[in-house]
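# Results of the structural survey
Here is what each chain is made of, one letter per residue.
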Amino acid sequence: MTIHSAVIQKLLSTNAHLGRRVAAHHFKIYTYGARNGVTIIDSDKTLICIRNACHFISNLVRQKGKFLFVNTNPLCDDIVDQMTKRIGCGADSSWRLGGFLTNSGSPKKFRSRNKKLHLGSTQPPDCVVIMDTERKSSVIFEADKLQIPIVGLVNSDMPWDVYKRITYPVPANDSVKFVYLFCNLITKTFLVEQKRFQEVDDKQLRLTKAENREESENLKQNMTSSSKDENPVIPYESLDLTSDDPLETKQLLDKLVVIKLNGALGTKMGFSGPRSATEVCNGLTYLDLIINQIESLNSKHGCNVPLILMNTIRTHDGTLKVVEKYSQKNIDILPLCQNQSHPVARGRDSEDESVLFDHHELFLSLKNTGTLGALLLQGKEYILVVKYDNLGTLIDSKILNHLIQNRIQYCTELSEMAQMPGKNSLKKSKLVDTGNLWMNLKGVKRLVETDGKNVENYPLSKSFDRAIDVNVPHSRFQPMMSTSDLFLFQSDLYSYGDSLIRNSARTNSLNPCIELGPEFEKLSDFQSRFKSIPSIIELDSLKVMGDVWFGTGITLKGKVTIIAKPGVKLEIPDGVVIENKEISDPSDI
């Protein structure tokens, strides 16, 4: 019997796999199904989450962090007391009054209650471990306010508002037997790390100050020189063609997982939900397009390419409602919420999903939910991270095949800056990031499990063994960030099948440059000002400012500028053809 099967058997003996009768939607990633009306928790994922929690605890013990163990189940008091005495930490076995972490409780309430008050340390803990999360939601909310990481046992019916605040959830039945097993593992984790303390101290004493200074300087020089090195850029045309064998194609695609960063809201366009749920054309949203594409790929080749939607707290609830309609699709969709234990750096434009992308947060979310380990167990090798609402994103087997054959762990897709005409911010760059990022899963696992390596201080690509950039065609970068982009995709320049199809009647390889004024910024205003989107097959550029309204059947050609004078409503009549004109008055048409 292997160690893995022995531990799984131990979990089964504690009834850890028996959940409640109801499984919340966000908990279904941990479930194996249901039997006799009872949710069955996947023991493999429970084991992965336990390992992640113990790994975090061991790192914190190594840093001499402070722990607070919370338990209010009288059946488990002795178990928790024995554990805390053995490892030398304090435990809270009472039902504390509100505000014991944030000091938000009122003294008047203290006098009015006949309860025993236990005063803890004035210093907040570095981690809170909760054995009975269902009874201690107040502790979870207070720890979340202070951004204190939480390790907690979670069951299948835990509400999302509480679950999302737990940094390291451990899905299991909180029976006495399982709590004993969990406390035993924590105890062993503490003892092993405490035993290493003396060994580490002895090694550090052997190093002189000069040696430390020299080592630090060498490390700084290596990091500085590596950050200056650029990844080699591979032309897309030079990539080898993939095999025509259907079985080899299936085996290749079965190694892939697609992750969509879904943190941007559509508020800039006047849309209350996630921006990816904005309608693009003919009732189809961006999510519809990417899901239809993956589903078509799975059906055609008989493979299983799953889609992970990496949400934030502000987009998760809205995304869960949207995902329900895809239940009958031939695709596994896993909505996850980005780890919120560390604040994410944001720029000026909070709607820019590229600003929200934080590789450290992404890796932590995959690890802490057990998703990273589960994907590796399924034989997945690479992830394709889609950072923007890029309608040109396609699962390209040529790129995937090149990465596997050459053992490349990191790849960024770049496109010529001519793809974005008229954008001043990109004029100095020859190539721009398309937002498509390929990474090796084993490389990601090694990165998140490496101790003492601060990967946030230098480029992400330098954290992987082998990294390249691929210069991809313009067609792979079609971002949908504003109503100006939406104008292109709703015009006759594109049609939709399993993917975005460009009209072959347009001879110019570049898209027209579209600039719509603030009057068109909101989605409702954009839709009301166009009775129908004009034909733009022969259009080079369009600039529209002011109170302008468009009729139906309009054709635009060449360079067109339409700027209404202040206080003037300018209506473009039905069926008109405008070519190389500047219009500011109805008489100019």
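As a reminder, the structure under discussion sits directly above these lines.
Position labels on residues start from 1 in each chain and follow its written sequence. Two thresholds apply to this predicted model, a pLDDT of at least 70 for residue-level local features and 80 or more for giving and counting side-chain atom pairs, whereas whole-chain, interface and lining totals are computed over all residues. With hydrogens and water stripped out, all remaining heavy atoms of the structure feed into the side-chain values.

## A short note on the overall build of the chain
The cut-off we apply is this: By definition, any uninterrupted DSSP run of H or I lasting at least four residues is a helix, any uninterrupted run of E lasting at least two residues is a strand, and each is numbered from the N terminus. Summary of the burial criterion: residues with accessible area below 20% of their type's maximum are buried, those above 50% are exposed, and those between are partly exposed, where the area comes from a 1.4 Å probe applied to protein chains only. To measure how exposed things are, a 1.4 Å probe is used in the Shrake-Rupley method; for residues, cover is taken only from the protein chains shown.
Helix and strand content of the chain: 18 helices and 25 strands. Of all 589 residues assigned to the chain, the portion counted as buried reaches 49%. For the chain, the exposed surface amounts to about 29000 Å²; the carbon and sulfur share of it is 49%.

## With respect to helix α10 (residues 286–301)
To keep things clear, this is the line we draw: Expected helix span is taken as 1.5 Å per residue step, with the number of steps being one fewer than the number of residues.
In this model, α10 (16 residues) spans 23 Å end to end at C-alpha, consistent with the 22 Å of a helix rising 1.5 Å per residue. Burial of α10 is extensive: 12 of the 16 residues sit out of reach of the surface. Listed in full, the buried residues belonging to α10 are Tyr-286, Leu-287, Asp-288, Leu-289, Ile-290, Ile-291, Asn-292, Gln-293, Ile-294, Glu-295, Leu-297 and Asn-298. Positive phi appears at Gly-302, one or two residues downstream of α10, with a value of about 70 degrees.

## Observations concerning the sheet that holds strand β21 (residues 539–545)
Note the threshold: Two strands are said to pair when DSSP picks up at least two bridges between them. Axis lines are fitted to C-alpha atoms, over the contacting stretch for helices. Their N-to-C directions set the angle, which ranges from 0 to 180 degrees.
Sheet architecture is open: four strands sit in the order β20-β21-β23-β25, paired in parallel fashion. Here the strands that pair on one side only, and so sit at the sheet edges, are β20 (513–516) and β25 (577–583). When the angles between neighbouring strand axes are averaged without regard to direction, this sheet yields 20 degrees. Two elements, strand β23 (residues 555–563) and β25, share six bridges in a ladder whose sense is parallel. Counterpart to Leu-556 in the pairing with β25 is Ile-578.

## A short note on the packing of aromatic side chains
The way to describe two aromatic rings as a pair is by their centre distance and the angle between their planes. The line we're drawing: Aromatic pairs are defined between Phe, Tyr and Trp rings, using the six-membered ring for Trp, whenever the two ring centres lie within 6.5 Å; interplanar angles under 30 degrees are classed as stacked, those over 60 as edge-to-face, and all others as tilted. Charge over a ring is defined by NZ of Lys or CZ of Arg lying within 6 Å of the ring centre and within 35 degrees of the ring normal.
Evaluation of the coordinates by the stated rule reveals 13 aromatic pairs. When the centroid spacing of 5.5 Å and the interplanar angle of 50 degrees are considered together, the rings of Phe-489 and Tyr-494 count as tilted. Of the residues examined, Phe-489 reaches a relative accessible area of 1% and is grouped as buried. The ring of Phe-520 has Arg-529 lying over it, and the distance from NZ or CZ to the ring centre is 5.5 Å.

## Some thoughts on helix α2 (residues 43–62)
Heads up, the condition is: Throughout this description, a polar contact denotes any pair of N or O atoms lying within 3.5 Å of each other; where both atoms belong to protein, one of them has to be capable of donating a hydrogen while the other can accept it, and for residues adjacent in sequence the pair is counted only when both atoms sit in side chains.
For α2, with 20 residues, the first-to-last C-alpha span of 28 Å sits near the 28 Å given by 1.5 Å per residue. When you tally the buried positions in α2, you get 16 out of 20 residues, the bulk of the element. Capping the start of α2, Asp-42 holds a side-chain oxygen 3.0 Å from the backbone nitrogen of Asp-44, two or three residues further along. Among the residues trailing α2, Lys-64 stands out with phi positive, at a value near 60 degrees.

## Observations concerning the environment of Asn-440
For clarity, the threshold we go by: Here a residue-residue contact requires only that any non-hydrogen atoms of the pair lie within 4.5 Å.
Relative to the helices and strands, Asn-440 resides in strand β16 (residues 431–440). Judged by relative accessible area, which is 10%, Asn-440 ranks as buried. Beyond its immediate chain neighbours, meaning those up to four positions away, Asn-440 contacts Glu-381, Tyr-382, Gln-409 and Phe-464. Separated by 3.0 Å, the side chain of Asn-440 and the backbone nitrogen of Lys-442 make a polar contact.

## A closer look at the sheet that holds strand β13 (residues 333–337)
Strand order in the open sheet formed by eight strands is β8-β17-β15-β16-β14-β9-β12-β13, and the pairing between neighbours is mixed. Both outer strands of the open sheet, β8 (233–235) and β13, are each paired with one neighbouring strand and no more. With strand direction ignored, the average angle separating the axes of adjacent strands in the sheet is 25 degrees. Along the sheet, helix α13 (residues 359–368) contacts β9 (256–262), β12 (307–311), β13, β14 (382–386) and β16; its crossing angle with β12, the most-contacted strand, is approximately 120 degrees.

## Regarding the pairing of β14
With five of five residues buried, β14 lies mostly within the body of the structure. Side-chain alternation along β14 places Tyr-382, Leu-384 and Val-386 on one buried face and Ile-383 and Val-385 on a second face that is also buried. In the sheet, β9 pairs with β14 via five bridges, with the strands oriented parallel. Counted as the bridge partner of Lys-260 is Val-386 from β14.

## Quick notes on the state of the cysteines
A covalent bond bridging the sulfur atoms of two cysteines is what the word disulfide describes. Test applied: Any cysteine sulfur atom paired with another within 2.5 Å is treated as part of a disulfide.
If you walk through the whole model with that rule in mind, you get zero disulfides. Not engaged in a disulfide, the cysteine Cys-183 finds its nearest cysteine sulfur in Cys-76; these two sulfurs lie 7.5 Å apart. Cys-183 sits in the buried class, given a relative accessible area of 2%.

## Points about the nonpolar core
Threshold: In these notes, a set of buried Ala, Val, Leu, Ile, Met, Phe, Trp, Tyr and Cys residues joined through side-chain atoms within 4.5 Å is what counts as a nonpolar core.
Counting residues in each nonpolar core, the largest one holds 72 residues, and the members touching the most others are Val-548, Phe-550 and Ile-572. The element contributing the most residues to this core is α10, with seven residues. Among all residues touching Phe-550, those that are not within four sequence positions of it are Phe-520, Arg-529, Phe-530, Lys-531, Pro-534, Val-544, Ile-562 and Ile-572. Counting 46 residues, the second-largest nonpolar core is a separate cluster that includes Leu-261, Cys-337, Ile-383 and Leu-447.

## Some points on unusual backbone geometry
Residue Lys-64 is not a glycine yet carries a positive backbone phi of 60 degrees. Mapped onto the elements of the fold, Lys-64 is located in the loop between α2 and β3 (67–70). Assessed through its relative accessible area of 62%, Lys-64 is described here as exposed. A positive phi is found at Asn-580, a non-glycine position, where the angle reads about 50 degrees.

## What about the pattern of salt bridges?
Threshold: For salt bridges, the criterion is a side-chain nitrogen of Lys or Arg within 4 Å of an Asp or Glu carboxyl oxygen.
Applying the stated rule across the entire model yields 14 salt bridges. Counted as one network, the salt bridges with shared partners bring together Asp-144, Asp-161, Lys-164 and Arg-165.

## Quick word on the side chain of Ser-43
Along the chain, Ser-43 falls in helix α2. What makes Ser-43 buried here is its relative accessible area of 12%. Residues contacting Ser-43, with those up to four places away along its chain left out, are Ile-8, Leu-11, Leu-12 and His-17.

## Re the pairing of strand β2 (residues 38–41)
Alignment of strand β1 (residues 31–35) against β2, held across four bridges, turns out to be antiparallel. Paired with Thr-31 across the strands is Ile-41, a residue of β2. Counting the residues in the hairpin turn of β1 and β2 gives two residues, including Asn-36, whose phi is positive at 55 degrees.

## Thoughts on the environment of Lys-325
Relative to the helices and strands, Lys-325 resides in the loop between α11 (313–323) and β13. Polar contacts involving the side chain of Lys-325 include one to the side chain of Asp-288, which spans 3.4 Å.

## Things to note about the side chain of Ser-58
If you trace the backbone, Ser-58 turns up in helix α2. Using a relative accessible area of 7% as the deciding quantity, one classes Ser-58 as buried. Ignoring sequence-local partners within four residues, the contact set of Ser-58 consists of Thr-189 and Glu-193.

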